[in-house]
Amino acid sequence: AQSVTQLGSHVSVSEGALVLLRCNYSSSVPPYLFWYVQYPNQGLQLLLKYTTGATLVKGINGFEAEFKKSETSFHLTKPSAHMSDAAEYFCAVSETGGFKTIFGAGTRLFVKA
Amino acid sequence: DAGVIQSPRHEVTEMGQEVTLRCKPISGHDYLFWYRQTMMRGLELLIYFNNNVPIDDSGMPEDRFSAKMPNASFSTLKIQPSEPRDSAVYFCASRGTSANTGELFFGEGSRLTVL
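The following paragraphs examine the structure supplied in this document. (Residues numbered from 1 in each chain as written. Chains lettered and ligands numbered in written order. Predicted model: local features only at pLDDT ≥ 70, side-chain atom pairs only at ≥ 80, totals over all residues. Heavy atoms only, no water.)

What about the side chain of A:Ser73?
Residue and element names in this part refer to chain A. How we decide: Working definition: helices are DSSP H or I runs of at least four residues, strands are E runs of at least two. Numbering for both runs from the N terminus. Burial classes: relative accessible area under 20% of the type maximum marks a residue as buried, over 50% as exposed, and values in between as partly exposed (1.4 Å probe, protein chains only). In what follows, a contact means two residues having at least one pair of non-hydrogen atoms within 4.5 Å.
Within the secondary structure layout, Ser73 lies in strand E8 (residues 73–78). On the basis of relative accessibility, which here comes to 1%, the residue Ser73 falls in the buried class. If near-sequence neighbours (up to four positions away) are discounted, Ser73 is found in contact with Cys23, Asn24, Tyr25, Glu66, Phe67 and Lys68.

Below, the structure written as structure tokens:
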């Protein structure tokens, strides 16, 4: 069975500081991995995804994530936080070719001026 | 292109009443998913359809919940009778299979409050 663990339900950073949101997954087969962002009163939207190939993937709004198979991790980073990055971020996993996506509990990012 | 469309955006009802949530997926998408989001349990997959056929309903909490997809452009999630613990945001999402990369496209959600 697949599962996703996001470390830290809340992360607070200063504007301009590095953003690091942690995600570890469990999957018995090669996974597809995703980060989604949710702004208040909105649905989730895709930030970036890893399927195959290059393990460092770049997404929208300057975010990137690195798939590390040996660590079963897919941490999300952004070099410099912006106020508009304040939102909830969800890591998700689905099996290759599978159609069931499992989400982590989410990490709420706060950005201080 | 229009995204996933859900209605109503907000519903307030009394315990025992029937609730029907509606979803129109993105045209051409052949998978449709219903998720429930609460503070306590996060995002839970309730059920998903492929080509209008329910594939996995193991996440449906109890018999009070039912979901249908009568055609490729419409799905409903019904709760009868509703209870206060059903209060949550219900999301519909769709995806296609041609790219097979797993990305889900979400609607804006239906916020349900059961008094």
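This is not the end of the story, as more comes after the structure.
Thoughts on the sheet that holds strand E7 (residues 64–68) of chain A
Residues and elements named next belong to chain A. Worth spelling out the cut-off: For two strands to count as paired, DSSP must find a minimum of two bridges between them. Angular values range over 0 to 180 degrees, each being the angle between N-to-C directions of two axes fitted as lines to C-alpha atoms, with helices fitted over their stretch in contact.
Ordered by their spatial adjacency, 5 strands build an open sheet running E1-E3-E8-E7-E6, and the pairing between neighbours is antiparallel. Because the sheet does not close on itself, it has two edges, and the strands there are strand E1 (3–7) and strand E6 (56–58). Between one strand and the next, the sheet's axes are offset by a mean angle of 20°, whatever the strand orientation. Where E1 meets strand E3 (residues 19–26), 5 bridges bridge the pair, whose relative direction is antiparallel. Bridging from a neighbouring strand, Thr5 pairs with Asn24 of E3.

Overview of the sheet that holds strand E8 (residues 74–79) of chain B
All names here are of chain B. Ordered in space as E1-E3-E8-E7, the 4 strands form an open sheet in which the pairing is antiparallel. A single partner strand is all that each edge strand has here, and the edge strands are strand E1 (5–7) and strand E7 (65–71). Direction aside, neighbouring strands of the sheet carry axes that sit 15° apart on average. Here E7 runs beside E8; their pairing, made up of 5 bridges, is antiparallel. Among the inter-strand pairings, Phe65 is bridged to a residue of E8, identified as Ile79.

Keep in mind these values describe shape, not function.
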